[in-house]
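Listed below, chain by chain, are the residues.
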Amino acid sequence: KIEAVEDQGTFPATFLRSLAHCFLESPPTRHEILSRALDQHFMASQLLFVAVLAAALAPLAEAVAYTFNVGTGGAWETTTNWNPIGSPGAADTVTIPVGISGAINVGVDVKVASITKANPGALNFNVGTHTIGTFSITGSTGGVTFASATSATITTFAHAGTGAITMSAGAGVFSFNTSSMTSTGTMTFTGTQINANYWQQNTAATGSTFTLAGGVFNATLVELLGTGAKFYVNGGTALIGTLRHAGTSGTLQVGIAPTRIDVSTLFEWSGTSNTFLAQAAASGATSVLTVLPGAAAVFTGTGALIHCLHHVFIFMSKIPRVERRDRKNGKTH
């Protein structure tokens, strides 16, 4: 039995009071235990939510829009050539404005979200492997060069300018997921290899010209949709899954140098007044268009012309069907 003892400030009295407190205090109820556990879980959930939100917003906060600001050009990797001062990174966007007339030389690997090139000067990539989300050309003239042994992977490439643009890969490789021309400009590719999953000269690309001047051009789908669109293979080899010419008054050309176009899935010739022009060099070199075994050739256009000059061969071997569809009466020939 423990009895209350008057606190006289002595050690026995203090000790006994503490001992009585330990034995007489009621233990927590089940409801109190559950309430405390829920409170702790709620606080932990709040802390986790804040941590996840901060991690998600961090990349957005780091993205910067860089503009090259030296009119005479210069080095990409010089931080003071950019506004704001710094080096564009993987999440950043890059603009090369009209006022930049000189060449911009890139001596480092480039990985950026996008590049918009509006200047008439050159853009020279010299080393390494370059990864670009969206590459848009809006200027009137100027070239983009990837020097020997460098490569570029571009998710979306678009030539929306009105002038002549040359892209040279040297010994490297271009890889495009989606590629297009959306204006009256011209685009020339040279180099060892170009991988374009999808190439299109769309309905806005009136009078646009694509030229393969050398190397190997690999494409799953090539579409020529604009009025007066021209697709020239004047050097190298074009290996194309589906080649569709559905525009008006356009031209598909293979020739001048020893060249070839191989179509492995479908060669579709539609639209109005389009021309296929095959012209080999008079020296005896040959130009070849081959619709490979297992592929189909479908001709549905009106006013189509085929011109073959010098040593030219058009092979359509073991094709399941070669069709000429008459739009007027609906018959297939």
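The structure contained in this document is the topic of the report that follows. Since we're looking at a predicted model, the values are computed, not measured. (Residues numbered from 1 in each chain as written. Predicted model: local features only at pLDDT ≥ 70, side-chain atom pairs only at ≥ 80, totals over all residues. Heavy atoms only, no water.)

A look at the pairing of strand E19 (residues 251–255)
Move 1: Counting buried residues in E19 gives 5 out of 5 residues, a clear majority hidden from the surface.
Move 2: Side chains Thr-251, Gln-253 and Gly-255 of E19 all project onto a buried face; the interleaved residues Leu-252 and Val-254 project onto the opposite face, where all are buried too.
Move 3: Pairing of strand E17 (residues 230–233) with E19, which is carried by 4 bridges, proceeds in the parallel orientation. Paired with Phe-231 across the two strands is Leu-252, which belongs to E19. (Buried < 20%, exposed > 50% of the residue type's maximum accessible area, 1.4 Å probe, protein only. Helix = DSSP H or I, 4+ residues; strand = E, 2+ residues; numbered from the N terminus. Pairing = 2+ DSSP bridges.)

With respect to unusual backbone geometry
Move 1: The omega angle of the peptide bond from Asn-83 to Pro-84 is 0°, so this bond is cis rather than trans.
Move 2: Following the sequence through the fold, Pro-84 ends up in the loop between strand E3 (82–83) and strand E4 (93–96).
Move 3: The phi dihedral of Ser-273 falls on the positive side, at around 55°, and the residue is not glycine.
Move 4: On the secondary structure map, Ser-273 appears in the loop between strand E20 (259–269) and strand E21 (275–279).

Points about the pattern of salt bridges
Move 1: Throughout the structure, instances matching the rule amount to 3 salt bridges.
Move 2: Across the pair Arg-244 and Glu-223 runs a salt bridge whose closest N-O atoms are separated by 2.8 Å. You can see Arg-244 sitting in strand E18 (residues 236–245) and its partner Glu-223 sitting in strand E16 (residues 216–224), a full 21 residues away along the chain.
Move 3: Residue Glu-223 is classed as buried on the basis of its relative accessible area of 12%.
Move 4: Linking Glu-268 and Arg-244 is a salt bridge whose minimum nitrogen-to-oxygen distance equals 3.4 Å. Taken together, the positions of Glu-268 in strand E20 and Arg-244 in strand E18 put the pair 24 residues apart, joining distant regions of the chain.
Move 5: Within this structure, Glu-223, Arg-244 and Glu-268 form a network of salt bridges that share partners. (Salt bridge = Lys/Arg side-chain N within 4 Å of Asp/Glu carboxyl O.)

Things to note about the nonpolar core
Move 1: Membership of the largest hydrophobic core comes to 58 residues, with the highest contact counts inside it found for Phe-189 and Phe-217.
Move 2: When sequence neighbours within four positions are dropped, the list of residues in contact with Phe-217 reads Ile-194, Ala-196, Trp-199, Phe-210, Leu-212, Val-222, Phe-231, Thr-237, Ala-238 and Leu-239. (Core = buried A, V, L, I, M, F, W, Y, C linked by side-chain atoms within 4.5 Å. Contact = heavy atoms within 4.5 Å.)

Here's the deal with the environment of Phe-146
Move 1: One can find Phe-146 in strand E9 (residues 142–146).
Move 2: Using a relative accessible area of 1% as the deciding quantity, one classes Phe-146 as buried.
Move 3: For the pair Phe-146 and Gly-128, spaced 18 residues apart in sequence, the C-alpha separation works out to 9.5 Å.
Move 4: With residues near it in sequence (within four places) discarded, Phe-146 still touches Phe-125, His-130, Ser-151, Ala-152, Met-167, Ser-168, Ala-169, Gly-170 and Phe-174.

Points about the environment of Val-127
Move 1: Here Val-127 shows up in the loop between strand E7 (123–125) and strand E8 (129–137).
Move 2: Each C-alpha atom of the pair Val-127 and Ser-151 lies 8.4 Å from the other, and the pair is 24 residues apart in sequence.
Move 3: With residues up to four places along the chain from it excluded, the contact list for Val-127 reads Val-106, Gly-107, Val-108, Asp-109 and Thr-150.

Here's the deal with the pairing of E17
Move 1: For strand E15 (residues 209–212) and E17, the ladder comprises 4 bridges, and the chain directions are parallel. Along E17, the bridge assignment pairs Leu-212 with Val-233.

Considerations on the packing of aromatic side chains
Move 1: Counted according to the given criterion, the structure contains 19 aromatic pairs.
Move 2: Taking the centre distance of 6.2 Å and the plane angle of 80° together, the rings of Tyr-66 and Trp-82 count as edge-to-face. You can see Tyr-66 sitting in strand E1 (residues 65–68) and its partner Trp-82 sitting in strand E3, a full 16 residues away along the chain.
Move 3: Classification of Tyr-66 as buried rests on a relative accessible area of 8%. (Phe/Tyr/Trp six-rings, centres within 6.5 Å; stacked < 30°, edge-to-face > 60°.)

Considering the side chain of Asn-124
Move 1: Relative to the helices and strands, Asn-124 is located in strand E7.
Move 2: Look past the residues within four positions of Asn-124 in its chain and what remains in contact with it is Ala-103, Ile-104, Asn-105, Val-106 and Thr-145.

That is the geometry; function is a separate question.
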